[in-house]
Structure formats: structure tokens, C-alpha cells
Amino acid sequence: MSGMNPLRKDPQQRLMGLYRDLPDAEREMLLAFAEFLATRGGREDVPVPEPQAIPRPEEETVIKAMKRLSSTYPMLDKARLLNETSMLMSQHMLQGREAREVIDDLEAVFARHYRELREGGQ
């Protein structure tokens, strides 16, 4: 045993180790996020990845919808979504707005941000 702290390993080795330990779905999300980060760094030759196909369940809470949409659109900058999504969640939790309506609006927000990203607006 070398006694080397795993956090001190070469970043590329750490990333590969983490990648190997992930299930297939999470590997795809990690790859999509890496591709997104590469486009933010000025590399224009990397296309914006397609959203993950995660169907909406019949019964879903607003919180679970947020998790599903975050997994569906891993390439989106969640900080850019925060204002709109937190406003919608507040409408549900504090004002009693129906979950189904809020989830419809959340889906629209994520889809719009994805469209803007593809068009180069984010």
C-alpha cells in the first residue's frame, strides 16, 4: 500500500476512477456534463448533448420532478434555473398551487433553457 491520499492523485486518474465506479446512466450524465463544460470553455466543435429520455410518472411530487428534470437536462447550468424554479416551487409549497400545474411549468422552463443553450443563448 502506497499510503498516497486518493485526493492527491492526478485529476485525470481521479476522474477515470469515478467514471468507472458509476452505473451506466450516471456515466452518460457525467459525459454530457463534461461536454457541456467543454462548450462553455470556448470549444465550439462539441455539440450540446441531447436530453436524457426520462418519462414523467403518472404521480410525481414537485421535488421528484425537479430531480427528474435535472437528470433529464444535466447540461443545463442549474444556477441559471434557480430563480424560476424556486419561484414555481414556492407557488406550490406556500400558495398551494397544484403539483401537476407546477410540474408542467417546470418542464417548460427546463425545455426553454435547453432550447436557448442549443441556440447559443446561454
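Keep in mind it's a predicted model, so treat the numbers as computed, not measured.

1. As for the packing of aromatic side chains
Aromatic rings in a pair are described by how distant their centres are and how their planes are angled relative to each other.
No. 1: What the rule picks out here adds up to 2 aromatic pairs.
No. 2: Ring geometry for Y73 versus Y114: centroids 5.6 Å apart, planes at 50°, classification tilted. You can see Y73 sitting in the loop between α3 (62-72) and α4 (78-93) and its partner Y114 sitting in helix α5 (residues 99-118), a full 41 residues away along the chain.
No. 3: On the basis of relative accessibility, which here comes to 12%, the residue Y73 falls in the buried class.
No. 4: An aromatic cluster of at least three residues, connected via ring pairs, comprises Y73, F110 and Y114.

2. Considering the side chain of H113
No. 1: Mapping H113 onto the fold places it in helix α5.
No. 2: Within the structure, H113 has its side chain in polar contact with the side chain of R112 (distance 3.4 Å).

3. Quick word on the environment of Q52
No. 1: Note that Q52 resides in the loop between α2 (24-40) and α3.
No. 2: In this structure Q52 comes out as partly exposed when scored by relative accessible area, which is 24%.
No. 3: Filtering out sequence-adjacent residues up to four positions away, Q52 remains in contact with E28, S71, T72 and P74.

4. Describing α3
No. 1: For α3, the set of buried residues is V62, A65, M66, R68, L69 and T72. For α3, the buried positions fall inside an angular range of 165° around the axis, keeping them on one side. Structural note: α3 exposes K64 and K67 on the side pointing more than 90 degrees away from its buried face.
No. 2: Looking at the buried positions of α3, the neighbouring elements they touch are α4 and α5.

5. Side note on the nonpolar core
No. 1: The biggest cluster of nonpolar side chains holds 20 residues, and the ones touching the most others in it are V62, Y73, M75, L76, L106 and F110.
No. 2: Of all the secondary-structure elements, those providing two or more residues to this core are α3, α4 and α5.
No. 3: Ranked by residue count, the leading element in this core is α5, at 8 residues.

6. Let's talk about the pattern of salt bridges
No. 1: Applying the stated rule across the entire model yields 10 salt bridges.
No. 2: R112 is the partner of E84 in a salt bridge, and the nearest nitrogen-oxygen pair spans 2.7 Å. Pair noted here: E84 is in helix α4 and R112 is in helix α5, with a separation of 28 residues, a long-range link.
No. 3: On the accessibility criterion, E84 (22% relative accessible area) is partly exposed.
No. 4: Residue classification places R112 among the partly exposed residues on the basis of a relative accessible area of 27%.
No. 5: Bridged by salt links that share partners, the residues R56, E60, R68, D104 and E107 form one connected network.

The rules behind each value
- Residues numbered from 1 in each chain as written.
- Predicted model: local features only at pLDDT ≥ 70, side-chain atom pairs only at ≥ 80, totals over all residues.
- Heavy atoms only, no water.
- Phe/Tyr/Trp six-rings, centres within 6.5 Å; stacked < 30°, edge-to-face > 60°.
- Helix = DSSP H or I, 4+ residues; strand = E, 2+ residues; numbered from the N terminus.
- Buried < 20%, exposed > 50% of the residue type's maximum accessible area, 1.4 Å probe, protein only.
- Polar contact = N/O pair within 3.5 Å; in protein donor to acceptor, adjacent residues only side chain to side chain.
- Contact = heavy atoms within 4.5 Å.
- Arc of directions from axis to C-beta.
- Core = buried A, V, L, I, M, F, W, Y, C linked by side-chain atoms within 4.5 Å.
- Salt bridge = Lys/Arg side-chain N within 4 Å of Asp/Glu carboxyl O.

Any functional reading would require information beyond the geometric quantities listed.
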